Amino acid sequence: MLSHYSITPHGTGDKIKNICPFHNDHKPSCGVNLEKQVYNCFACDAGGNALDFFAHMEGLDPSNASELRKAPLAAAEMFGIDQALERPANE
Ligand SMILES: [Zn+2]
C-alpha cells in the first residue's frame, strides 16, 4: 500500500519509518509497524491502523463513521486486501 502512494519506507523488517503524508514532513517521522499494520507520526500525532491510513489518503474522514465504512470496499477494490479488513455483516 505504501508504494501505491509513492511513500518510501526507511528501514527494514516490520518496523519502518517514512515521510509523513499527513503534514509537511522533511525527515521520516511517521513510524509504521507492518506486522501490526498500524502507524503513528511523532511530529503531527497522526496515527491509526491500515484502514485509517487509507481513509486519510483517500480524503475520507476516519472519525466519520459513514465515510469510514466506505474505506474497506475502496481499499479492497484497489489493493485486494479485503481479507485483512473487517466486513460489515449482511448489507
Ligand atoms: Zn505527521
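What comes next is a walk through the structure.

Conventions adopted
- Counting from 1, residues in each chain are numbered in the order their sequence is written.
- pLDDT decides what is reported in this predicted model: residues at 70 or higher carry local features, side-chain atom pairs at 80 or more are listed and counted, and totals for whole chains, interfaces and linings draw on all residues regardless.
- Heavy atoms from the whole structure form the basis of all side-chain values; hydrogens and water molecules are not counted.
- Helix and strand labels come from DSSP, where a helix needs a run of H or I of at least four residues and a strand needs a run of E of at least two; each type is numbered from the N terminus.
- With a 1.4 Å probe rolled over the protein chains alone, any residue whose accessible area is under 20% of its type maximum counts as buried; one over 50% counts as exposed, and the rest are partly exposed.

Unusually for a residue other than glycine, Gln37 sits at a positive phi of about 60 degrees. Relative to the helices and strands, Gln37 is located in the loop between strand S3 (30–33) and strand S4 (38–41). Notably, Asp45 is not glycine yet its phi reads approximately 70 degrees, a positive angle. Positionally, Asp45 belongs in the loop between S4 and strand S5 (47–49). Judged by its relative accessible area of 64%, Asp45 falls in the exposed class.

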